[in-house]
Every structure is written in structure tokens, then in C-alpha cells.
Amino acid sequence: MFTIKNHLEVKNNHLLIGGADTTALAEQYGTPLYVTNETRVVENFSAYRNAFPKADIYYAAKANGSFAIMRILARQGAGADVFSYGELYMALLAGIPREKILFNGNSKTDFELQKAVELGVKVSVDSKDELRTLSEIAERTGKAAEIAFRVNPDVSTPTHPKISTGLRISKFGIPAEEVIDTYREASELPGIAPCGIHCHIGSQILDTEPFVEATQKMMDLVEGVVELGINLKFVDMGSGLGIPYKKGEKTPKPQDLANAILPVFNDRTKALGISPKLILEPGRYIVADTTLLLTRVNTVKIAAKNFVGVDAGFNLLIRPTMYDSYHHVVVANKASSPPEETYTIVGPICETGDIFAKDRELPRVEKGDLIALLDTGAYGFSMSSQYNGRPRCAEVLVKDGESDVIRSAEGIEDLMAKQRLPARLM
Ligand SMILES: *Cc1c(COP(=O)(O)O)cnc(C)c1O
């Protein structure tokens, strides 16, 4: 037995996850199949909690919205960063206390604001317009809304442009130079209790420097807010900590992030004589490496390239298509065989961009082999669709060699579920 990447092991040429043989899982549940290792979810969350013992860790539910995963994290004491009423509903149902939930979003409906106020969940307000709407809703409901403002700190992050969120031109947040004025307005509005400040600079960031810059800029703003006489109970620095998708890649761990930003946060709050709670909102770091997508080889075509056609498409994993992202590939039933050929792994969807991995050195691949796409726990299933008439696959949770279905596979009936024919077409 040897370790291939983090918690993933190889035994008798087969890839194992959480002590379970992936080839047996594929036989038992069919493919495509998402498989998550519960132990790894807990390990990743603990790494954050141990690095930031005084902070609250709000799991970013959009990274992986599976209810079982929310439940695991709720039992570990996680809070939640939610972006819709759907995520709020599930977080509460999973047992995450309302005091540890922040309702985010740059374009919330009045219904969503109403629900946040009724349920007593903090709201991260993204514009002055939204602030006024929320004030009216809170007044009508007779309950004060605890709010933070989402700040756009104008920090450029060396990541894919589609996941950089803290740039000046990003759609998220209030421009830094307008923040103090916005807090002033908030402190005068009925039904509004400004009590926090929030930012989130991007995702898959592989260096601590942008986080330090963001912390400094946020603490400058905190100083201005405190001068207005506002009592800040929390400073939410969002997340964005990247993970090593490529084997052997060196990336910062939560402890490195803590070493980089805590001195700034602690010094500045001490100098101001305040003690707000630090909140962090990791998504990717908690779940990305816990999960793999198992997919069966339908066909191998030797053409301009050696194409391996598998039974999963970008409807189940859109990151490579959308973000040009890299996922490590293992032939799960030949996991310790030496590489022999260069292959490009493609899905069955009628789109040129349906490519999971380009030019990978792998053992000889044949029809029926099982491919594992690694590190697919974040922004994988949660971004899935039924495109091309493809029902979504099942999700399985493994722990100490045992497995349970946490979401059953959709069938053809799910493609038809909400469709109706007007009478004239009957
Ligand atoms: C997506 C998101 C996160 C999580 O980001 P990761 O890079 O997955 O850790 C946190 N906060 C907000 C506001 C987000 O939109």
C-alpha cells in the first residue's frame, strides 16, 4: 500500500479512498460516481480550526452543497456562508445555528432579504440600494437586521480571472472609498444594525500575500468605521485559499495563512482597543481534495491525439471547461502501473470544450477501465446540470472502508420531472 495524493492510497494496483476500493465502488453503484471521504472533510476543517482557534469558520456552502457534507461540518461546529435562500434553508436544516450564518450575495431578492430578517441571520449587504430595501423590510417585520457590508478592497489576485472577485471592476462589493460613507448612512437607517465588515478577494489563491494586503486594507476601513462610533462585532475575511491540484505543487496551508494575517489582524485590533471576532469562509480548502469523480472508459480512439472517451461529461464537472482547471487523473484499476502513453480524457457531450484532461501520461487505457478525476469535491457536483439529456450521477460517502449513498443518481424521469405539454401538443 502506498499513498498517491494526500489521503488516497493504492493497494493491489487499485485506487483506494477512505479505505474503500474504487473499482468495487464503481461496480456496486455504477458510474459516473462522485465519492467523498468523510474523514478527509473533518481533517480539512480541523486544519482551519486549529490554525485559527479564536476565529469562526463559516463553510462556503456553494463549494459543495450536499446535505451530508453540510451535516458533517455542522457537527464539527462550522458556520455557513450562504448565497441563496436554498443554501440558507439547507444550512439550518443541517443544524448550523442561525448565529453562525452570513447571507451573502450581490443580487438578492426581496424574498431572500425577508427570510434572512425573519430567521435572524446576518446579511452581507452589497450596495446602498440593497441597504435601503433591507431597512424597509426590517422595519415592516419589526426586527433589526444585523449587517456587514461586502467591501471591494481592490486587491488583485493571481488566479483565473473568472474567480478573482476583489478587483475594482468586479461585480462584488462596495468600493473601498465609499465604505465609510455607507456605514454612516447605515447607522442612521431604521431597522439596520451595522455590526460587521466583510470581503472575499477570490478563489484558488496560491500565495498568502494578497490575503495580507486585503487584511491591511480591511483594517484601515475598520479604523474608519470605529471612528464613526460603530461597534464592530466581526471582521469576515472571506476565503480563497487554494489547494494543490497538481501533484507536488506547494501551496499555503491554513496555518501559513494564519501566520501571515493574524499578526496584522491582532496588532491592528489591539491598537484600536477593539476585539471583533475574525470570520473565515473556506469552501474549496474544506472539500476539494476529499472527493473524486469515477468515470468508466467507453472508448479509446487513436487519432490526431489519443482520445479516451469516458461516461462523465462537463455536465458533472465543468471546472476544466469553464476555468481551464487541472485535475490529476489516475487509472483507478491500474493505479500503480507505469505510464506508457499520452492520452486526452474527454466526455460524451456534443461540445468541443468537453475535455477533462489534456495530454496525460497514463498506463495503457482500454474500454472498461476506470478513470478517477481527483480533487473534484469543490465546485464539482454543485455546478452540475442535465445538459445534453444527461441525468446527474450519484454521490457516495465513504468512511473507514464503508460506503453510503448520500444522493441517488437521477434517472430519465428526472429529465421529464417538471416538463409539461400544452393541450394542443398532446
Ligand atoms: C465562494 C466564496 C467563498 C469560498 O471561496 P473558496 O475559494 O472556495 O474558499 C467564501 N466567501 C464568499 C463570499 C464566496 O463567494
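Read on for an overview of the structure. Just so you know, these numbers come straight off a predicted model, no measurement behind them.

## Considering the overall build of the protein
Of the regular secondary structure elements, the protein holds 12 helices and 22 strands. Once the C-alpha set of the protein is aligned to its principal axes, its extents read approximately 70 × 65 × 40 Å. By the burial criterion, 54% of the 426 residues in the protein qualify as buried. When contacts within the protein are restricted to residue pairs at least 6 apart in sequence, long-range pairs at least 24 apart make up 70% of them. Of the roughly 18,400 Å² of accessible surface on the protein, a fraction of 50% belongs to carbon and sulfur atoms.

## Comments concerning the nonpolar core
It is characteristic of soluble globular proteins that their nonpolar side chains tend to be buried jointly. In terms of nonpolar packing, the biggest core is built from 78 residues, with Tyr48, Phe52, Leu134, Ile147 and Ile197 touching the most fellow members. For this core, the element with the highest residue contribution is helix α8 (residues 209-227), accounting for 8 residues. Apart from the residues lying within four places of it in its own chain, the contact partners of Tyr48 are Ile57, Ser239, Leu241, Pro254, Leu257, Leu280, Pro282, Tyr285 and Ile286. Counting 21 residues, the second-largest nonpolar core is a separate cluster that includes Leu8, Leu33, Leu370 and Leu374.

## Focus: the site of the ligand
The full set close to the ligand counts 16 residues, and Lys62, Ser203, Ser239, Glu281 and Tyr379 are the nearest of them. Here an oxygen atom of the ligand sits 2.7 Å away from a polar atom, N or O, in the side chain of Ser239. Its free accessible area being 390 Å², the ligand has 96% of it covered by the protein chains. A breakdown of the residues in the shell around the ligand according to their chemical character gives 4 nonpolar, 7 polar and 5 charged.

## Points about a nonpolar patch on the surface
A cluster of nonpolar side chains, contributed by Phe67, Tyr89 and Leu93, occupies part of the molecular surface with about 310 Å² of accessible area. Turning to its location among the elements, Phe67 is positioned in helix α3 (residues 67-75).

## Structural notes on empty space enclosed by the protein
Sizing a probe to match a water molecule and rolling it over the atoms shows the empty space that remains. Throughout the structure, instances matching the rule amount to 1 cavity of 30 Å³ or more. Looking at the largest cavity, the residues that line it are Phe211, Met237, Gly238, Ser239, Leu257, Ile261 and Leu280. Tallied by class, residues from the lining of the largest cavity come to 5 nonpolar, 2 polar and no charged.

## Some thoughts on the pairing of strand β10 (residues 145-152)
Every other side chain in a regular strand lies on the same face of the sheet, so the side chains alternate between the two faces. In terms of residue burial, β10 counts as a mostly covered element, since 7 of its 8 residues are buried. Taken together, the 3 bridges between strand β9 (residues 122-125) and β10 define a ladder with parallel strand orientation. From the neighbouring strand, Val123 faces β10, where its bridge partner is Ile147. For the handedness criterion, the β-α-β arrangement of β9, helix α6 (residues 128-141) and β10 is classed as right-handed. Where β10 meets strand β11 (residues 174-175), 2 bridges bridge the pair, whose relative direction is parallel. By the bridge assignment for β11, Val151 is matched with Ile174.

## Examining α6
Under the 1.5 Å per step criterion, the end-to-end length of α6 is 20 Å for 14 residues, consistent within 8% with the ideal 20 Å. Along α6, the positions that sit buried rather than exposed are Glu130, Leu131, Leu134, Ser135, Ile137 and Ala138. At the exit of α6 stands Gly142, carrying a positive phi of roughly 75°.

## Focus: the sheet that holds strand β3 (residues 14-17)
Spatially, the 4 strands line up as an open sheet ordered β1-β2-β3-β4, and their pairing is antiparallel. The sheet terminates laterally at β1 (2-5) and β4 (20-21), the two strands that pair on one side only. Here β3 runs beside β4; their pairing, made up of 2 bridges, is antiparallel. What sits directly across from Leu16, in β4, is Asp21.

## Comments concerning the packing of aromatic side chains
Within the structure shown, the criterion is met by 7 aromatic pairs. Relative to Tyr285, the ring of Tyr48 lies with its centre 5.6 Å away and its plane at 70°, an arrangement referred to as edge-to-face. Residue Tyr48 is found in helix α2 (residues 38-51), and its partner Tyr285 is found in helix α10 (residues 284-287); the two are separated by 237 residues along the sequence. The pair formed by Tyr48 and Tyr285 is uniform in burial state, with each residue classed as buried. Seen from their ring centres, Tyr85 and Phe111 are 5.2 Å apart, and the 85° between their planes marks the pair as edge-to-face.

## Side note on unusual backbone geometry
Cis geometry is found at the peptide bond from Thr31 to Pro32, where omega equals -10°. With respect to the element layout, Pro32 can be found in the loop between α1 (22-29) and β5 (33-37). Phi at Asn12 takes a positive value of approximately 50°, unusual for a residue other than glycine. Structurally, Asn12 is set in the loop between β2 (8-11) and β3.

## A word on the pattern of salt bridges
Scanning the model with the defined rule gives 23 salt bridges in all. Here Asp375 ties to Lys5 by a salt bridge, and the two come within 2.5 Å at their closest N and O atoms. Linking Asp375 in the loop between β20 (370-373) and β21 (394-399) with Lys5 in strand β1, this pair joins segments that are 370 residues apart in sequence. With respect to burial, Asp375 and Lys5 carry one shared label: buried. Within the structure, one salt-bridge network assembled from shared partners comprises Lys128, Arg132, Asp181, Arg184 and Glu185.

Criteria and cut-off values
Sequence order sets the numbering: in each chain, residues are counted from 1 along the sequence as written. In view of the model being predicted, local features appear only for residues whose pLDDT reaches at least 70, and side-chain atom pairs are presented and counted only at 80 or more, with totals across whole chains, interfaces and linings using the full set of residues. Heavy atoms from the whole structure form the basis of all side-chain values; hydrogens and water molecules are not counted. Helix numbering and strand numbering both begin at the N terminus, where a helix is a DSSP run of H or I of at least 4 residues and a strand a DSSP run of E of at least 2. Using a 1.4 Å probe on the protein chains alone, a residue whose accessible area is under 20% of its type maximum counts as buried, one over 50% counts as exposed, and one in between counts as partly exposed. Whether two residues touch is decided by their heavy atoms; if any such pair falls within 4.5 Å, the residues are in contact. Method for areas: the Shrake-Rupley scheme with a 1.4 Å probe, in which residue coverage is limited to the protein chains shown. Remark: nonpolar core denotes a set of buried residues (Ala, Val, Leu, Ile, Met, Phe, Trp, Tyr, Cys) joined through side-chain atoms within 4.5 Å. The near set for a molecule or strand comprises every residue that places at least one heavy atom within 4 Å of it. For the purposes of these results, a polar contact is taken to be a pair of N or O atoms within 3.5 Å, where, inside protein, one atom must be able to donate a hydrogen and its partner to accept one; residues adjacent in sequence count only when each atom of the pair is a side-chain atom. Polar here means any residue outside two lists: the nonpolar Ala, Val, Leu, Ile, Met, Phe, Trp, Tyr, Cys and Pro, and the charged Asp, Glu, Lys and Arg; Gly therefore counts as polar. The patches described consist of residues with a relative accessible area above 30% and no salt bridge, like charges being joined within 9 Å and nonpolar side chains (Val, Leu, Ile, Met, Phe, Trp, Tyr) within 5 Å. Salt bridge, as used here, is a side-chain nitrogen of Lys or Arg placed within 4 Å of a carboxyl oxygen of Asp or Glu. Only protein atoms enter the 1 Å grid used here, on which a cavity is any set of points holding a 1.4 Å probe that cannot leave and a pocket is any open set flanked by protein within 12 Å on both sides along at least five of seven lines; residues with an atom within 4 Å of a point are listed as lining. Grid points are joined across faces, edges and corners, and a volume is the space filled by probe spheres set on the points. If DSSP finds at least two bridges between two strands, the strands pair. Look down the strands so they point away from you; if the path from the first strand over the helix to the second goes clockwise, the crossover is right-handed. Each residue after the first adds 1.5 Å to the expected span of a helix. Stacked, edge-to-face and tilted are the three classes for Phe, Tyr and Trp ring pairs, Trp counted by its six-membered ring, which pair at centre distances within 6.5 Å; planes under 30 degrees apart are stacked, over 60 edge-to-face, the rest tilted.

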